[in-house]
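Coordinate inspection notes
Here is how the chains run, residue by residue.
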Amino acid sequence: MTENLYDDSRLTAMGLVMEVHAGLAARFAAQFEEHDLSSVEFEVLMRLARSPQHELRMTDLAAQTSLSTSGVTRVVDRMERDGLLCRRACPSDRRSAYAVVTESGMTRLGETLPGHIQLIQDWFIGQLDSAALENLLDSLRVVRDAVHPGATAGSAGMSGDC
């Protein structure tokens, strides 16, 4: 008897992840739009705001966001024109630069976060009890570290070197 591949639990797990992501991403995108931000711009602001001195090397920002280095450059260019970010040259390596959140960027993020946090609570965290949430977070970190090992690049233990 041949196993029914369509009923494979691995497909179900991946399908559930994709459905949850799509549902949350649509809600988030609508809320970001209210603050004149794209989902990518919000992610960049969050990554920088949560990093030491609110800055990351451009290459680390690319690694954390899964954007190419040219993709990060385009996003940072646009956000710099909008006054949300600036670049800071690395004093010890001319080839390296930091993306830094400006005061205006922090203000925009601060205006966006309350609604974003409420959406997370309503549609994600609030759907789980504390034990289920801790198990999910632990599991997601294991998978994240396997599939995206650069996800936290440059965010801890920064020595100031470029």
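Because the structure is a prediction, the values reported are computed rather than measured.

**Let's talk about the pairing of strand E3 (residues 97-101)**
When you tally the buried positions in E3, you get four out of five residues, the bulk of the element. Relative to E3, strand E1 (residues 55-57) runs antiparallel, the two being bridged by three bridges. From the neighbouring strand, Glu55 faces E3, where its bridge partner is Val100. Where strand E2 (residues 85-89) and E3 come together, five bridges link them in antiparallel fashion. What sits directly across from Arg88, in E3, is Tyr98.

**Comments concerning the packing of helix H2 (residues 39-49) against helix H4 (residues 69-81)**
Contact geometry for H2 and H4: axes closest at 11 Å, N-to-C directions at 85 degrees. By the angle between their directions, the pair H2 and H4 is classed as roughly perpendicular. Each of Val40, Glu41, Val44 and Leu45 in H2 lies in contact with H4, whose residues at this interface are Val75, Arg78 and Met79. For the contact of H2 with H4, the residue count by class is five nonpolar, no polar and two charged.

**Let's talk about the environment of Ser66**
Its place among the elements puts Ser66 in the loop between helix H3 (58-65) and H4. Since its relative accessible area comes to 55%, Ser66 is described here as exposed. Spatially, the C-alpha atom of Ser66 lies 8.5 Å from that of Gly150, the residues being 84 residues apart in sequence.

**Remarks on the packing of aromatic side chains**
What the rule picks out here adds up to two aromatic pairs. Residues Phe28 and Phe32 carry aromatic rings whose centres are separated by 6.3 Å and whose planes lie at 35 degrees to one another, so their mutual orientation is tilted. Residue Phe28 and its partner Phe32 are both found in helix H1 (residues 9-33); the two are separated by four residues, about one turn of the helix. On the accessibility criterion, Phe32 (3% relative accessible area) is buried. Taking the centre distance of 4.2 Å and the plane angle of 20 degrees together, the rings of Phe32 and Phe42 count as stacked. Here Phe32 is found in helix H1, whereas its partner Phe42 is found in helix H2, with 10 residues between them in sequence. Cluster of aromatic residues (ring-pair linked, three or more members): Phe28, Phe32 and Phe42. Note that Arg27 overlies the ring of Trp123, its terminal NZ or CZ placed 3.8 Å from the centroid.

**Things to note about the pattern of salt bridges**
Tallying each qualifying case throughout the model produces nine salt bridges. Residues Asp77 and Arg87 are paired through a salt bridge, measuring 2.7 Å at the closest nitrogen-oxygen approach. Here Asp77, found in helix H4, pairs with Arg87, found in strand E2; they are 10 residues apart in sequence, far enough to count as distant. Salt bridges sharing common partners tie together Asp77, Glu80 and Arg87.

**Some details on the nonpolar core**
Counting 24 residues, the largest nonpolar core has Val44, Leu45, Leu48, Leu61, Val76, Met79 and Leu85 as its most contacted members. Secondary structure elements with two or more residues in this core: H1, H2, H3, H4, E3 and helix H5 (103-123). Top contributing element to this core by residue count: H2, with six residues.

Rules behind the numbers
- Residues numbered from 1 in each chain as written.
- Predicted model: local features only at pLDDT ≥ 70, side-chain atom pairs only at ≥ 80, totals over all residues.
- Heavy atoms only, no water.
- Buried < 20%, exposed > 50% of the residue type's maximum accessible area, 1.4 Å probe, protein only.
- Helix = DSSP H or I, 4+ residues; strand = E, 2+ residues; numbered from the N terminus.
- Pairing = 2+ DSSP bridges.
- Axes fitted to C-alpha atoms, helices over the stretch in contact; angles between N-to-C directions.
- Parallel < 35°, antiparallel > 145°, perpendicular 65-115°, else oblique.
- Contact = heavy atoms within 4.5 Å.
- Nonpolar A, V, L, I, M, F, W, Y, C, P; charged D, E, K, R; others polar.
- Phe/Tyr/Trp six-rings, centres within 6.5 Å; stacked < 30°, edge-to-face > 60°.
- Lys NZ or Arg CZ within 6 Å of the ring centre and 35° of its normal.
- Salt bridge = Lys/Arg side-chain N within 4 Å of Asp/Glu carboxyl O.
- Core = buried A, V, L, I, M, F, W, Y, C linked by side-chain atoms within 4.5 Å.

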